[in-house]
Amino acid sequence: MVSFNIKGKVAIVTGGASGLGLHYALELLKKQAKAVVIADVSAELGRKAIEQFEREFGAKKAIFIKADVTDYNQFENVFKTTISTFQNVDILINNAGIFNDSIWQQEIAINLNGTINGVLLGLENYIKNFKSGDEGLILNISSIAATAPYGLMPGYVATKFAIHGLTLSWGVLEHYNRTKVRVVAIAPGLTVTPLLTESANKTFGPDYERFADLLTTLPLQSPEDMAPHVMTILEKAPSGTMWILEGGEPPYQFKIPDRFTAPKIFLK
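Residues numbered from 1 in each chain as written. Predicted model: local features only at pLDDT ≥ 70, side-chain atom pairs only at ≥ 80, totals over all residues. Heavy atoms only, no water.

Asks: Can you break down the packing of aromatic side chains residue by residue, with the values?
Replies: Scanning all chains against the criterion turns up 5 aromatic pairs. Note on Phe99 and Tyr156: the rings are 5.5 Å apart at their centroids and 65° apart in plane angle, and the pair reads as edge-to-face. Taken together, the residues Phe99 in the loop between strand 4 (91-94) and helix 4 (104-130) and Tyr156 in helix 5 (residues 154-170) connect sequence positions 57 residues apart. Judged by relative accessible area, Tyr156 falls into the buried class, the value being 8%. Over the ring of Phe4 we find Lys9, and its NZ or CZ is 5.1 Å from the ring centre. (Phe/Tyr/Trp six-rings, centres within 6.5 Å; stacked < 30°, edge-to-face > 60°. Helix = DSSP H or I, 4+ residues; strand = E, 2+ residues; numbered from the N terminus. Buried < 20%, exposed > 50% of the residue type's maximum accessible area, 1.4 Å probe, protein only. Lys NZ or Arg CZ within 6 Å of the ring centre and 35° of its normal.)

Printed below as a string of structure tokens:
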């Protein structure tokens, strides 16, 4: 498989005004992307992000669009504005997400519905029809919380398991062949971002907080360590795959066991 070349491509990063999304955008520009479009609900953080990009990479390399990914029309406007400004769109990083089980309906709306909105808009229309080269790409953000049970955060875990499943399903060869858009997911480990550091009072209640110590046993990483590895995934990962990024190490693939070959454990 020939590596996907980020140079000259146009990318949308949702939730890109801060945290990991901001670092993904920076890495894309370091890879000489033509432009990055930041879609976020925070106009203030968006303004600061664009100022940072302009200082580091010059003018006209990035724009900010205020958008709520749970609103299909707002999300579609991001694609339309991207194309009217830069003529193409090649990459979507479906990064917008929260951890807050105390508002689980909103958590599901952002993490899952927002991701589905992005895939539908990109795969079925805008990336498929307006990519600049032979191939486009959608990167969904799952989590190591989609690889095991985490009693601390069942609602959040549910959204990340769902993102894994939809990536596998939209990533099948038949969808790729008809769209020439790869659909890939990453499962970041514990990363020092506001999602992790501002997690107090975001569970279903005190009975869930007792599981918080589990997180201290997992390896930490910084966004600066992790984000460059995401570029490797954009360049090389086959459609319908998920890659764990933990402890600053290179990505490795996470695969669900084949139920037809795995040993059967019967209930007795």
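Having seen it, we continue.
Asks: Talk me through unusual backbone geometry; I want residue IDs and the actual numbers.
Replies: A positive phi angle, close to 70°, is found at Gln32, a residue other than glycine. Among the structural elements, Gln32 can be located in the loop between helix 1 (19-30) and strand 2 (35-40).

Asks: Could you give an account of the pattern of salt bridges, with specific residues and numbers?
Replies: If you walk through the whole model with that rule in mind, you get 8 salt bridges. The salt bridge involving Glu27 is made with Lys30; its shortest N-O contact spans 3.3 Å. Placement of both Glu27 and Lys30 in helix 1 is noted, with a separation of 3 residues, approximately one turn of the helix. We note a salt bridge from Lys31 to Glu235, for which the minimum N-O separation is 2.9 Å. Here Lys31, found in the loop between helix 1 and strand 2, pairs with Glu235, found in helix 9 (residues 223-236); they are 204 residues apart in sequence, far enough to count as distant. The partly exposed category is assigned to Lys31, whose relative accessible area is 35%. Look at the salt bridges and you will find they share partners, linking Glu44, Arg47, Lys48 and Glu51 into a network. (Salt bridge = Lys/Arg side-chain N within 4 Å of Asp/Glu carboxyl O.)

Asks: Mind laying out the sheet that holds strand 1 (residues 10-14), listing which residues take part and the relevant values?
Replies: Spatial ordering of the open sheet is given by 3-2-1-4-5-6-7-8, a layout of 8 strands whose pairing is mixed. What marks the edges here is a single partner per strand, and that holds for strand 3 (62-66) and strand 8 (252-254). Going from strand to strand, the sheet's axes swing by 25° on average, the running direction of each strand aside. Pairing between strand 7 (residues 242-245) and strand 8: 3 bridges, direction antiparallel. Note that in strand 8 the partner of Trp243 across the bridge is Gln253. Each of strand 1, strand 2, strand 3 and strand 4 touches helix 3 (residues 72-86); the most contacted strand, strand 3, lies at about 155° to it. (Pairing = 2+ DSSP bridges. Axes fitted to C-alpha atoms, helices over the stretch in contact; angles between N-to-C directions. Contact = heavy atoms within 4.5 Å.)

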